[in-house]
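# Geometric and topological summary
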Amino acid sequence: MLEESDCVRGYMGATLVEGIDTRESLKRPIDKPVRLPIGEVDEIGGIGTEPAGRVETGVLKAGMIEVFAPTGVLSEGKSGEMEHEEVREGVPGDYVGFLCMGISVKEVRRGLVVSDVKNEIAADTERFSAQGIVMNRAGEIG
């Protein structure tokens with residue numbers, strides 16, 4: 001894996017480290033509309049509702065008016081946090097929690113998708129393509 005070995009003489013490819021070193025990093029789609037699927041929702045007593053999820057595209061910013069698809073619930077995102085530190089924005093790949101004012105924890109749930117109300121909101125679709133990967137873990141998948 002780390003260096004060439006006589007044990008696998010027939011293999012002529014790169015070592016694991018060489019393969020990782022030559023791989024290009026992922027392009028972060030920050031130029032697309034905001035899409036953040038909600039992974040969890042917490043209620044912070046006396047403060048408000050805090051949905052959290054991974055930003056998939058776009059940039060989620062504090063003060064943004066957000067719409068939760070497909071329900072259409074609107075809220076202003078007051079602040080965001082990542083790993084218990086306040087952040088002003090979340091970019092693709094960031095798992096952020098954001099405080100929403102004026103909505104109940106009963107109005108938002110896991111699976112809804114957050115969009116910026118001013119820029120191409122998420123909508124229902126009749127068809128989409130997806131790639132699924134099943135990882136076989138001994139004793140976990142029957």
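First things first, this report covers the structure right here in the doc.

### Overview of the overall build of the protein chain
Across its full length, the protein chain holds one helix and nine strands. Along the protein chain, from the amino end to the carboxyl end, the secondary structure elements read α-β-β-β-β-β-β-β-β-β. Against the compact-globule benchmark of 14 Å for 142 residues, the protein chain has a radius of gyration of 20 Å, which places it well outside the compact range. Considering only C-alpha atoms, the protein chain reaches an extent of 65 × 35 × 35 Å along its principal axes. For the protein chain, restricting intrachain contacts to residue pairs at least 6 apart in sequence, the fraction spanning at least 24 positions comes to 64%. By element, 50% of the accessible surface of the protein chain is carried by carbon and sulfur atoms, the whole surface being about 10700 Å².

### Things to note about the nonpolar core
Generally speaking, soluble globular proteins have nonpolar side chains that are buried together. Counting 15 residues, the largest nonpolar core has Leu36, Ile38, Leu60, Phe68, Phe98 and Val114 as its most contacted members. Of all the secondary-structure elements, those providing two or more residues to this core are β1 (36-44) and β8 (95-101). Tallying contributions element by element places β8 first for this core, with three residues. With residues near it in sequence (within four places) discarded, Ile38 still touches Pro51, Ala52, Phe68, Val108, Arg109, Arg110, Gly111, Leu112 and Val114.

### With respect to the pattern of salt bridges
All chains considered together, the criterion is met by one salt bridge. For Glu76, the salt bridge is made with Lys78, and the minimal N-O distance between the two is 3.7 Å. Of the residues examined, Lys78 reaches a relative accessible area of 42% and is grouped as partly exposed.

### Brief notes about a nonpolar patch on the surface
A grouping of Ile65, Leu74, Val117 and Ile121 is seen on the molecular surface, where their side chains present a nonpolar patch of about 310 Å² in accessible area. Mapped onto the elements of the fold, Ile65 is located in strand β4 (residues 65-69).

### Points about the environment of Gly77
With respect to the element layout, Gly77 can be found in strand β5 (residues 73-82). Between the alpha carbons of Gly77 and Val59 there is a distance of 13 Å; along the sequence they are 18 residues apart. Beyond its immediate sequence surroundings of up to four residues, Gly77 is in contact with Ala62, Gly63, Met64, Glu66 and Leu99.

### Quick notes on unusual backbone geometry
Here Ala69 and Pro70 are connected by a cis peptide whose omega angle stands at 5°. Looking at the secondary structure, you find Pro70 in the loop between β4 and β5. Within the chain, Glu83 stands out as a residue other than glycine whose phi angle is a positive 50°. One can find Glu83 in the loop between β5 and β6 (85-87).

Reading the values: rules and limits
Residues numbered from 1 in each chain as written. Predicted model: local features only at pLDDT ≥ 70, side-chain atom pairs only at ≥ 80, totals over all residues. Heavy atoms only, no water. Helix = DSSP H or I, 4+ residues; strand = E, 2+ residues; numbered from the N terminus. Rg over C-alpha atoms; globule rule 2.2 N^0.38 Å. Contact = heavy atoms within 4.5 Å. Areas by Shrake-Rupley, 256 points an atom, 1.4 Å probe, with all protein chains shown as cover. Core = buried A, V, L, I, M, F, W, Y, C linked by side-chain atoms within 4.5 Å. Buried < 20%, exposed > 50% of the residue type's maximum accessible area, 1.4 Å probe, protein only. Salt bridge = Lys/Arg side-chain N within 4 Å of Asp/Glu carboxyl O. Patch = residues over 30% accessible without salt bridge, like charges linked within 9 Å, V, L, I, M, F, W, Y side chains within 5 Å.

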